[in-house]
Each structure stands twice: as structure tokens, then as C-alpha cells.
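# Inside the fold
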Amino acid sequence: MGDPPMARLVFVPPVPLNAFPYKRFDLVVKRVTIGEIKREVEFAKEAGVPIENYIRHESTVRVLNEALGLDLKPSSALYQHKYGDTIIVVGLKKPVRGQEVQVSLEDLDLAIIQVHVWEE
């Protein structure tokens, strides 16, 4: 079985395991550059794939919008995986807890996650 068609392109903060409603699954994590993410965004736009954001940190969302030509809004909604999602994880290389910090593109730790679900 090949790769599924892209269901959504989603931007998420580092995700907890409860975002994946499966008993057995593998996560393949690949650190990427902003250029690689830009290509994913362009592909999603051309294919008419929804682009959703689950990141609530305003400064991070602003940096992504500027770098990728998007109009994402901060969101505190919880991400739940859907088959076919392309997941872009956006965290900070040096997280600061308990305070609102301004970030730049160089502060971001970027990755794409692929989810492989085992047959049950």
C-alpha cells in the first residue's frame, strides 16, 4: 500500500502520544529546514489540501506566517491525527517555560513526522 493522499497539512507543537489514537504505531521523525516546509506548503496549496494550525504561541505563529506566506492564527485546539496528515512539528531549540518569549526563525526546531499504523 503506497502513501495515502495528503488529508491535511498541520502545524503542531511537540505532540503528546495521545494525539495518535492507535494501539500500535511508529513515528518517523525527520528534522527539516524552513525551505523543506515551504515546499510542503506550496504542494498543499496547489493540491487544495487544508492547512491547519495547532500552535498557540503567537510569536512562533507570526514567524511561520512571515517565512511561509501563510495567515495562520494561534490556536489552543488539541491535535488529533487523521490518516494522511502531513505533520509539521514546530518547537523551540531552547524552550523557555512559564514566560512568553519572542522567537526568530533561527530559534525554531522543525520536523516532519510520518505515522505508520500497525494493522490490529
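Scope of this entry: the structure provided in the associated data block. Here the structure is a predicted model, which is why all the values come from computation and not from measurement.

Each value, and the rule that gives it
Residues numbered from 1 in each chain as written. Predicted model: local features only at pLDDT ≥ 70, side-chain atom pairs only at ≥ 80, totals over all residues. Heavy atoms only, no water. Helix = DSSP H or I, 4+ residues; strand = E, 2+ residues; numbered from the N terminus. Rg over C-alpha atoms; globule rule 2.2 N^0.38 Å. Buried < 20%, exposed > 50% of the residue type's maximum accessible area, 1.4 Å probe, protein only. Patch = residues over 30% accessible without salt bridge, like charges linked within 9 Å, V, L, I, M, F, W, Y side chains within 5 Å. Areas by Shrake-Rupley, 256 points an atom, 1.4 Å probe, with all protein chains shown as cover. Salt bridge = Lys/Arg side-chain N within 4 Å of Asp/Glu carboxyl O. Pairing = 2+ DSSP bridges. Axes fitted to C-alpha atoms, helices over the stretch in contact; angles between N-to-C directions. Contact = heavy atoms within 4.5 Å. Core = buried A, V, L, I, M, F, W, Y, C linked by side-chain atoms within 4.5 Å.

### Let's talk about the overall build of the protein chain
Scanning the protein chain from N- to C-terminus turns up 2 helices and 5 strands. Starting at the N terminus and ending at the C terminus, the protein chain contains elements arranged as β-β-α-β-α-β-β. For a compact globule of 120 residues, the expected C-alpha radius of gyration is about 14 Å, and the protein chain comes in at 14 Å, within 12% of that figure. Projected onto its principal axes, the C-alpha positions of the protein chain cover 45 × 35 × 25 Å. Among the 120 residues that make up the protein chain, the fraction classed as buried is 38%.

### Quick word on a nonpolar patch on the surface
A contiguous nonpolar surface patch, about 280 Å² in accessible area, is contributed by Leu17, Leu27 and Val29. You can see Val29 is positioned in strand S2 (residues 25–31).

### Looking at the sheet that holds strand S1 (residues 9–12)
If you trace the 5 strands from one edge of the open sheet to the other, you get S2-S5-S4-S1-S3, paired in mixed fashion. Only two strands of the sheet have a single partner each, and these edge strands are S2 and strand S3 (51–53). Looking at each pair of strands side by side, their axes are set apart by 25° on average, direction ignored. Inspection of the sheet shows S2 paired to strand S5 (residues 108–117) by 7 bridges, in the antiparallel sense. When the sheet's bridge partners are listed, Val29 is paired in S5 with Ile113. Strands S1, S2, S3, strand S4 (86–92) and S5 of the sheet are contacted by helix H1 (residues 34–47), whose axis makes an angle of about 140° with S1.

### So, the nonpolar core
If you look at the biggest cluster of nonpolar residues, it comprises 22 residues, and the most contacted ones within it are Phe11, Ile37 and Val90. Mapped onto this core, the elements with two or more residues apiece are S1, H1, helix H2 (58–68), S4 and S5. Broken down by element, the residue count for this core peaks at 4 residues, all from H2. Counting residues in each nonpolar core, the second largest holds 11 residues, with Val10, Tyr54, Ile87 and Val115 among its members.

### Comments concerning the pairing of S1
The alternating pattern of S1 places Leu9 and Phe11 and Val10 and Val12 on opposite faces, both of which are buried. Here S1 runs beside S3; their pairing, made up of 3 bridges, is parallel. The residue of S3 that forms the bridge with Phe11 is Asn53. Note: S1 against S4, 4 bridges, orientation parallel. The partner of Phe11 across the bridge, within S4, is Ile88.

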